[in-house]
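# Descriptive structure summary
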Amino acid sequence: MALRINISEKDLTQSVEALSNTDIVFIPGLSSVKTVEQYAPVACSTLSEFYTAFGSFPVLFNAASAYDVFGDSKGFATDAVPAEGNLFDADEPDPSWIYAAKLLSQGLQVVYCKINTDAQINENGKFTGTAKDLYSQLATLYAAATTNLISKGDFDFKYLTSGGYPVFEYEANSIVIDMLNICATRGDAVALIDHTDNPGRALSASATTSVVYALNNTYSNSFTNGAFGAMFTPWAIYPQAVYTNDNYSAVSLPGSFAYLTSLAQSLQTNYNWNVVAGVSRGLVPGLKELHTDEVLTNAIADGYQNFGTSTSLNGIYVNAITRIKPYGYCIWGNRTLRQNGTLGLQAMSYLNLRNLTCDVKKQIYTACINLLYEQNTATLWTNFKSYLTPLLDQMVSGSGISGYRIIRNTSDSPTKISASIRIYPIYAVESFDITVYMTDDDVTVA
């Protein structure tokens, strides 16, 4: 019998495609697999690929390494070092391996780089080097004289991290500066900078022992390329869930991990130029608790962005992780480490616009590398634009930019194409100013 009332549907909306193929995370870490060379990054798209390349079990630390092994002249600043606890405990798993495995399990691609030598792994699969050895190798990886990570043709990633190893305030930020320089030289990547896991550290931006105070006062001159970096705070506890170990069923991971795991969740339904912050896209999945002795209130989090608070900030902002009731823990900030100073906030002060620009630059590089050595004709210019317009049109329809222009400039050589691409970004709302008026009802006399 035919239905008398038939209600059907057709979905005519456009599909939302997250550009997850560009959101690749670089992570340095340990591995016991001898077939992978030291300082040889390997791209992994799935967790199974990662297990195959670097082993299905993390390297353990053979002995405890305290922060004070660095000595007085080198190492971390005094305020950065926890009053109790080691940088690594004996038999503790390598946090970078867990960092990478968890991101892969959530759908983000990673480029993992083994930084240890095979001789540093004993027969039990444990790292026998010291924390000082590890940081020396980390410094070598990023040093200007030895790094090859600036080569966009060899390595593709958007986020450059130090994995589970904090680098802020280590040796006058030497590693931080190198990470920012790599991203600035490439032009298409962002360095996510992490401080030490010090739960006893003051949280208020005006406290002279806080991370935010140190960033704006002691080390502010170091961040000349801060527009290519971002910082999140504090560390937090997460379920480990990527290998079996009852003693380490939960693990403490840095603020950058909170951002990236929130990004992975957002990319399932949103474009990657949307702000990963707030209760809509910034909720941090799996976060059990913040690893801090104080309470990082909403007011403190706003202070890190300099919203209506009296602090000593000199124009470098940090993105906090705070609890918003009744929603849960979320990222509360969308700032790069740009020195804003007297110029105030500009486009590259915002992390989502930095990410958007990275995607545009990656697509420009793809266009140029595919068209090198082609004949310099009108067809070449048409082909060049055809590489860019689909992405830029998608950014317009996805409210990333309001418009764009691709302009061919006059060239000083017949073997060179000169062009300018103008994009007009759309900014995310960061505040509301609403007034509620109470008035007497109008009385009309007939």
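Before going into details, it helps to say that this report is about the structure given with it. (Residues numbered from 1 in each chain as written. Predicted model: local features only at pLDDT ≥ 70, side-chain atom pairs only at ≥ 80, totals over all residues. Heavy atoms only, no water.)

### Concerning a nonpolar patch on the surface
Put simply, the rule is: Candidates for patches are residues over 30% relative accessible area with no salt bridge; among them, like charges are joined within 9 Å and nonpolar side chains (Val, Leu, Ile, Met, Phe, Trp, Tyr) within 5 Å. Computed with the Shrake-Rupley method and a 1.4 Å probe, the accessible areas treat only the protein chains shown as cover for residues. Only one rule defines a salt bridge in this text: a Lys or Arg side-chain nitrogen within 4 Å of an Asp or Glu carboxyl oxygen. Type-normalised accessible area, obtained with a 1.4 Å probe on protein chains alone, sets the label of each residue: buried when under 20%, exposed when over 50%, and partly exposed for intermediate values.
Together, Val-429, Phe-432, Ile-434 and Val-436 give the surface a local cluster of nonpolar side chains, amounting to about 530 Å² of exposed area. What makes Val-429 exposed here is its relative accessible area of 62%.

### Overview of the sheet that holds strand S11 (residues 289–290)
Paired through backbone hydrogen bonds, the strands of a sheet run either parallel or antiparallel to each other. Let me state the cut-off plainly: Here, strands pair whenever DSSP counts at least two bridges between them. Elements are defined by DSSP. Helices are runs of H or I of four residues or more, strands are runs of E of two residues or more, and each kind is numbered from the N terminus. By the convention used here, residues are in contact when the closest approach between their heavy atoms is within 4.5 Å. Angles here are taken between N-to-C directions and fall from 0 to 180 degrees, while the axes themselves are lines fitted to C-alpha atoms, restricted in helices to the stretch in contact.
Strand order in the open sheet made by the 3 strands is S10-S9-S11, with antiparallel pairing throughout. The sheet is open, and its two borders are formed by strand S10 (250–253) and S11, each paired with just one other strand. Sheet topology note: the strand S9 (residues 236–239)/S10 ladder contains 4 bridges and is antiparallel. Pairing of Tyr-238 across the sheet is with Val-251, part of S10. Helix-sheet contacts for helix H2 (residues 95–105) involve S9 and S10, and the interaxial angle to S10 is about 95 degrees.

### Quick look at the sheet that holds strand S4 (residues 109–114)
Strand order in this open sheet of 8 strands is S2-S4-S1-S6-S7-S8-S12-S13, and the pairing throughout is mixed. Edge positions in the open sheet fall to strand S2 (42–44) and strand S13 (328–332), since each of these has one partner strand only. Inspection of the sheet shows strand S1 (residues 24–29) paired to strand S6 (residues 159–160) by 2 bridges, in the parallel sense. Residue pairing across strands places Val-25 opposite Tyr-159, the latter belonging to S6.

### Overview of the packing of aromatic side chains
Any two aromatic rings considered together are summarised by their centre-to-centre distance and by the angle between their planes. For the record, the criterion: Two rings belonging to Phe, Tyr or Trp (six-membered ring only in the last case) form a pair when the distance between their centres is within 6.5 Å. Interplanar angles under 30 degrees mark stacking, angles over 60 mark edge-to-face geometry, and anything in between is tilted. Whether a charge lies above a ring is judged from NZ of Lys or CZ of Arg, which has to be within 6 Å of the ring centre and within 35 degrees of the ring normal.
Within the structure shown, the criterion is met by 26 aromatic pairs. Measuring from centroid to centroid gives 5.7 Å for Tyr-350 and Tyr-427, while their planes differ by 75 degrees, and the two rings are edge-to-face. You can see Tyr-350 sitting in the loop between S13 and helix H9 (351–371) and its partner Tyr-427 sitting in the segment after strand S15 (419–425), a full 77 residues away along the chain. A relative accessible area of 14% places Tyr-350 in the buried class. Judged by its relative accessible area of 45%, Tyr-427 falls in the partly exposed class. A connected cluster of aromatic rings, assembled from ring pairs, spans Phe-50, Tyr-51, Phe-54, Phe-57, Trp-97, Tyr-112 and Tyr-243. Lying across the ring of Phe-157, Arg-186 places its NZ or CZ 4.3 Å from the centre. Taking NZ or CZ as reference, Arg-323 lies 5.9 Å from the ring centre of Tyr-329, over its face.

### A short note on the side chain of Asn-216
Applied cut-off: The term polar contact refers here to a pair of N or O atoms within 3.5 Å; inside protein, the definition further demands a hydrogen-donor-capable atom paired with an acceptor-capable atom, and it admits residues adjacent in sequence only when both atoms are side-chain atoms.
One can find Asn-216 in helix H5 (residues 211–216). At a separation of 3.3 Å, a polar atom in the side chain of Asn-216 contacts the main-chain amide nitrogen of Gly-315. Polar contacts involving the side chain of Asn-216 include one to the main-chain carbonyl oxygen of Ile-316, which spans 2.9 Å.

### Side note on unusual backbone geometry
Going from Thr-233 to Pro-234, the amide bond is cis rather than trans, its omega being 0 degrees. Residue placement: Pro-234 occurs in the loop between strand S8 (229–233) and S9. Here Lys-325 and Pro-326 are connected by a cis peptide whose omega angle stands at 0 degrees. Positionally, Pro-326 belongs in the loop between strand S12 (319–324) and S13. A positive phi angle, near 65 degrees, is found at Tyr-39, a position not held by glycine. The backbone of Glu-171 shows a phi angle near 45 degrees, a positive value even though the residue is not glycine.

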